[in-house]
Amino acid sequence: MATRQREKALKRAENKDRRPKAVLKYARISSRKVKIVIDLIRGKSVNEAEAILMYTPKAASSYVLKLLRSAVANAENNMSLNRDDLYVAEVFANQGPTIKRYRPRSQGRAFSILKRSSHITVILDSMEA
């Protein structure tokens, strides 16, 4: 049962622009591969999310770890927030442009190769005590 759902939505909407975030555009990795990694850190504290990403053996974890550290630096330097109070409020990966390449195959045919990219966004928020 959602209690005070409208009030909570209004509060989220008014704080939406004031939350620290970092965006990585045109990352040369498929958004499908990134979504596996970002699901591990959604809702976790910053220290816990960083520890998870450091020991995740996926190619996307290095992209997301660097982006998380950038968002924390934005929070500390631009908004004077404490690192220990931050958690990963939102994280998502959208599909970017696809580069199309062709590989020669037998009997004069061409086989298309799709080199996908993604846009990754990390939004942090402060825990309310």
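Reading the values: the criteria
- Residues numbered from 1 in each chain as written.
- Predicted model: local features only at pLDDT ≥ 70, side-chain atom pairs only at ≥ 80, totals over all residues.
- Heavy atoms only, no water.
- Helix = DSSP H or I, 4+ residues; strand = E, 2+ residues; numbered from the N terminus.
- Rg over C-alpha atoms; globule rule 2.2 N^0.38 Å.
- Buried < 20%, exposed > 50% of the residue type's maximum accessible area, 1.4 Å probe, protein only.
- Contact = heavy atoms within 4.5 Å.
- Core = buried A, V, L, I, M, F, W, Y, C linked by side-chain atoms within 4.5 Å.
- Salt bridge = Lys/Arg side-chain N within 4 Å of Asp/Glu carboxyl O.
- Pairing = 2+ DSSP bridges.
- Axes fitted to C-alpha atoms, helices over the stretch in contact; angles between N-to-C directions.
- Parallel < 35°, antiparallel > 145°, perpendicular 65-115°, else oblique.
- Left-handed = near helix turned anticlockwise from the far one by under 90°.
- Nonpolar A, V, L, I, M, F, W, Y, C, P; charged D, E, K, R; others polar.
- Phe/Tyr/Trp six-rings, centres within 6.5 Å; stacked < 30°, edge-to-face > 60°.
- Lys NZ or Arg CZ within 6 Å of the ring centre and 35° of its normal.

**Examining the overall build of the protein**
Working step 1: Check the secondary structure of the protein and you find four helices and five strands.
Working step 2: Counted from the first residue to the last, the protein has its helices and strands arranged as α-β-α-α-α-β-β-β-β.
Working step 3: Computed over C-alpha atoms, the radius of gyration of the protein comes to 18 Å, more than 25% over the 14 Å expected from 2.2 N^0.38 for 129 residues, which places it beyond the range of a compact globule.
Working step 4: Dimensions of the protein, computed from the C-alpha atoms along their principal axes, are close to 65 × 35 × 30 Å.
Working step 5: For the protein, with 129 residues in total, the buried portion stands at 29%.
Working step 6: For the protein, the proportion of contacts with a sequence separation of at least 24, taken over those separated by at least 6, is 70%.

**Looking at the nonpolar core**
Working step 1: The biggest cluster of nonpolar side chains holds 25 residues, and the ones touching the most others in it are Val34, Leu53, Val64, Leu68, Val122 and Leu124.
Working step 2: If you list the elements that add at least two residues to this core, you get strand E1 (21–27), helix H2 (31–41), helix H3 (46–54), helix H4 (60–79), strand E2 (86–95) and strand E5 (118–126).
Working step 3: Here the element with the most residues in this core is H4; it accounts for eight residues.

**Observations concerning the pattern of salt bridges**
Working step 1: All chains considered together, the criterion is met by four salt bridges.
Working step 2: A salt bridge links Arg83 to Glu50; the shortest N-O distance between them is 2.3 Å. Pair noted here: Arg83 is in the loop between H4 and E2 and Glu50 is in helix H3, with a separation of 33 residues, a long-range link.
Working step 3: Using a relative accessible area of 13% as the deciding quantity, one classes Glu50 as buried.

**Things to note about the sheet that holds E1**
Working step 1: Reading across from one edge, E1-E5-E2 is the order of the three strands in this open sheet, with antiparallel pairing throughout. Looking at the sheet topology across the chains shown, the edges are occupied by E1 and E2. Adjacent strand axes in the sheet meet at a mean angle of 10°, parallel and antiparallel pairs treated alike.
Working step 2: This element, H4, spans E1, E2 and E5 of the sheet and lies at about 145° to E1.

**Some points on the packing of H2 against H4**
When two helices pack together, their arrangement is given by the angle between their axes and by how far apart the axes lie.
Working step 1: With their axes 9 Å apart at the nearest point, H2 and H4 run at an angle of 50° to one another. The angle between H2 and H4 places the two elements in the oblique class. The two elements H2 and H4 cross, and the hand of that crossing is right-handed. Of the residues in H4, those touching H2 at Lys33, Val34, Val37, Ile38 and Ile41 are Ala60, Ser61 and Val64.
Working step 2: A breakdown of the residues in the contact of H2 with H4 according to their chemical character gives six nonpolar, one polar and one charged.

**Examining the packing of H2 against H3**
Working step 1: At a minimum axis distance of 9 Å, the contact between H2 and H3 shows a crossing angle of 140°. The hand of the H2/H3 crossing is right-handed. Every residue of H3 that contacts H2 at Val37, Leu40 and Ile41 is listed here: Ala49, Ile52 and Leu53.
Working step 2: Taken together, the residues of the contact of H2 with H3 sort by class into six nonpolar, no polar and no charged.

**Regarding the packing of aromatic side chains**
Working step 1: Applying the stated criterion across every chain, the model contains zero aromatic pairs.
Working step 2: Between Arg105 and the ring centre of Phe111, over which it is positioned, the NZ or CZ distance is 5.0 Å.

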